[in-house]
Amino acid sequence: MSDINAHIAEAPAAVSGDQGSVGDYFALLKPRVMSLVIFTAFVGLIAAPGTIHPWLGFVALLAIAVGAGAAGALNMWYDADIDAVMKRTAKRPVPAGTITPQEALGFGMTLAIGSVLVLGLLVNVLAGALLAFTIFFYIAIYTMWLKRLTPQNIVIGGAAGAFPPMVGWVSVTGSIDLGSIALFLIIFVWTPPHFWALALWKKINADYSNAGVPMLPVVAGADETRRQILLYTLILVPVTLLPALTGTVGLFYTLANVALGIMFIWCSVQVYRRREGAEAEAACKSLFKFSTLWLFIVFALILVERAFGLPLFAPVLG
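Residues numbered from 1 in each chain as written. Predicted model: local features only at pLDDT ≥ 70, side-chain atom pairs only at ≥ 80, totals over all residues. Heavy atoms only, no water.

Engineer: Would you take a moment to explain the overall build of the chain for this structure?
Structural biologist: When helices and strands are counted, the chain shows 17 helices and zero strands. For a compact globule of 318 residues, the expected C-alpha radius of gyration is about 20 Å, and the chain comes in at 20 Å, within 12% of that figure. A principal-axis box enclosing the C-alpha atoms of the chain has dimensions of 60 × 55 × 30 Å. For the chain, buried positions account for 52% of its 318 residues. Long-range pairs, those at least 24 residues apart, make up 78% of the contacts in the chain with a sequence separation of at least 6. (Helix = DSSP H or I, 4+ residues; strand = E, 2+ residues; numbered from the N terminus. Rg over C-alpha atoms; globule rule 2.2 N^0.38 Å. Buried < 20%, exposed > 50% of the residue type's maximum accessible area, 1.4 Å probe, protein only. Contact = heavy atoms within 4.5 Å.)

If you want it as structure tokens, here you go:
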């Protein structure tokens, strides 16, 4: 506890309290990340076997969204010191001085506790517990520990972003099934090539180096990062087919994902081959943008199958 108190004292403080606007507090929630969380959690709700009352489904999505926002606020509270020295994060509310670290901490904790209680009490206990673990994992395991310790931080820490569809699934079933784990694994394996492509494209190594954050491009260099991007992509493509083995999806999803997987591999190969100049930057930019669209399409395909009542495969696993 003393370490956390010391961290609060070291973090940039606002000029005076109570200056934060509604927009500043909204920024604490990391709305872009929250939108992805809501979408993948919704897919988890729809893909899960069984039914949930529409109002309870809405409550579940709202609680998951608020929980994601709470994690964002707590992340900005703890990372205020390194955010202040990185160009891409220096304008966030805490390092910019519009919200104090203590206000961000209080805001985040209030949302975290509230979202977990609402989900646990109104939907089911396991869903609430899983949301609580997701917030804990993102803040304690990733933000406070792994992020500043190991170049594999984004790999392990990516689990936090992979939990929302599982939480949505559990909100319906009350249990963690192989189908929910398959959805989790897609986002988990997708995160490293997606983020590392951004790191190489935006050339944010100097930012992380100045902040003392051992991201892979900083520690291992661009060439090793390219190799890791290709490796994770080759793992990702078969992982996207796991929902077919669990009976979560059908032929439409599977055939579309084979095509999408080939495109993802092609983009990763271009990043691996083009290592200098404008061509290298363009390849990283293309991979990052395609990977963002790719994740949306992969999960949207599940919604399309459900909307049109397309036949699903019989489960081979589970």
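Engineer: What is the right way to look at the side chain of glutamate 103 in this model?
Structural biologist: Residue placement: glutamate 103 occurs in helix α7 (residues 101-122). Within the structure, the side chain of glutamate 103 is placed 3.0 Å from the backbone nitrogen of threonine 100, a separation counted as a polar contact. (Polar contact = N/O pair within 3.5 Å; in protein donor to acceptor, adjacent residues only side chain to side chain.)

Engineer: Is there a simple way to explain the nonpolar core in this structure?
Structural biologist: Within soluble globular proteins, side chains that are nonpolar generally end up buried alongside one another. Counting residues in each nonpolar core, the largest one holds 90 residues, and the members touching the most others are Leu119, Ile186, Trp196, Trp294 and Phe299. In contact with tryptophan 196, not counting residues within four places along its chain, are Ile154, Val155, Leu216, Pro217, Thr225, Gln228, Ile229 and Tyr232. (Core = buried A, V, L, I, M, F, W, Y, C linked by side-chain atoms within 4.5 Å.)

Engineer: Just checking my understanding: could you explain the layout of surface pockets for this structure?
Structural biologist: With a probe scaled to a water molecule rolled over the atoms, the places where space remains empty come into view. One number sums up the size of the second largest pocket: a volume of about 250 Å³. Taken together, 14 residues form the lining of the second largest pocket, with Leu74, Met109, Ile135, Phe136 and Ile139 sitting closest to its centre. For the lining of the second largest pocket, the secondary-structure elements that each account for two or more residues are α4 (54-78), α7 and α8 (125-143). Split into classes, the residues belonging to the lining of the second largest pocket amount to 14 nonpolar, no polar and no charged. (1 Å grid on protein atoms, 1.4 Å probe; cavity = no way out; pocket = protein on both sides within 12 Å on 5 of 7 lines; lining within 4 Å. Points joined across faces, edges and corners; volume = space filled by probe spheres on them. Nonpolar A, V, L, I, M, F, W, Y, C, P; charged D, E, K, R; others polar.)

Engineer: Where do I start with α4 in this structure?
Structural biologist: Residues lying three or four places apart along an α-helix face the same way, a consequence of the helix completing one turn every 3.6 residues. If you check α4, its first and last C-alpha atoms are 36 Å apart, about what 25 residues at 1.5 Å a residue would give, namely 36 Å. With 19 of 25 residues buried, α4 is to be regarded as a mostly interior element. (Expected span 1.5 Å × (residues − 1).)

Engineer: Help me understand a nonpolar patch on the surface, please; the structure alone is not making it clear to me.
Structural biologist: A surface patch of nonpolar side chains, amounting to about 630 Å² of accessible area, comprises Leu56, Met109, Ile113, Leu117, Val118, Leu121 and Leu122. By residue number, the principal contributor to the nonpolar patch is α7, which donates six residues. Here leucine 56 lies in helix α4. (Patch = residues over 30% accessible without salt bridge, like charges linked within 9 Å, V, L, I, M, F, W, Y side chains within 5 Å. Areas by Shrake-Rupley, 256 points an atom, 1.4 Å probe, with all protein chains shown as cover. Salt bridge = Lys/Arg side-chain N within 4 Å of Asp/Glu carboxyl O.)

Engineer: Can you help me understand helix α10 (residues 164-173) in this one?
Structural biologist: Taking burial as the measure, the ten residues of α10 include nine buried ones, the bulk of the element. Of the residues making up α10, those classed as buried are Pro164, Pro165, Met166, Val167, Gly168, Trp169, Val170, Ser171 and Val172.

Engineer: What exactly am I supposed to notice about the state of the cysteines here?
Structural biologist: In protein structure, a disulfide is the covalent linkage between the sulfur atoms of two cysteines. In total, this model carries zero disulfides according to the counting rule given. In this model cysteine 267 remains outside any disulfide bridge; the closest cysteine sulfur is found in cysteine 284, 11 Å from its own. Residue classification places cysteine 267 among the buried residues on the basis of a relative accessible area of 12%. (Disulfide = S-S within 2.5 Å.)

Engineer: Whenever I open this one, the side chain of asparagine 153 confuses me. Can you help?
Structural biologist: Structurally, asparagine 153 is set in helix α9 (residues 153-162). Relative accessible area serves as the criterion here: at 0%, asparagine 153 is assigned to the buried category. For asparagine 153, the contacting residues outside a window of four places in its chain are Tyr142, Leu146, Lys147, Gly158, Val213, Pro214 and Met215.

Engineer: In this structure, what is going on with the confidence of the model for the chain? I would like to understand it.
Structural biologist: Per-residue confidence for the chain gives a mean pLDDT of 92, with 93% of residues at or over 70. Contacts of residues 13-17 to residues separated by more than four positions or lying in other chains number seven contacts, the stretch itself having pLDDT below 50. (pLDDT = per-residue confidence, 0-100.)

Engineer: It is not clear to me how the packing of helix α14 (residues 222-239) against helix α16 (residues 251-273) should be interpreted in this structure. Could you clarify?
Structural biologist: The axes of two packed helices give the description: the angle between them and the distance between them. The geometry of α14 relative to α16 is characterised by a closest axis approach of 9 Å and an angle of 170° between their N-to-C directions. Taken together, the axes of α14 and α16 are roughly antiparallel relative to one another. From α14, Arg226, Arg227, Ile229, Leu230, Thr233, Leu234, Leu236 and Val237 reach across to α16, where they touch Gly261, Phe264, Ile265, Ser268, Val269, Val271 and Tyr272. Within the contact of α14 with α16, the residues separate by chemical class into ten nonpolar, three polar and two charged. (Axes fitted to C-alpha atoms, helices over the stretch in contact; angles between N-to-C directions. Parallel < 35°, antiparallel > 145°, perpendicular 65-115°, else oblique.)

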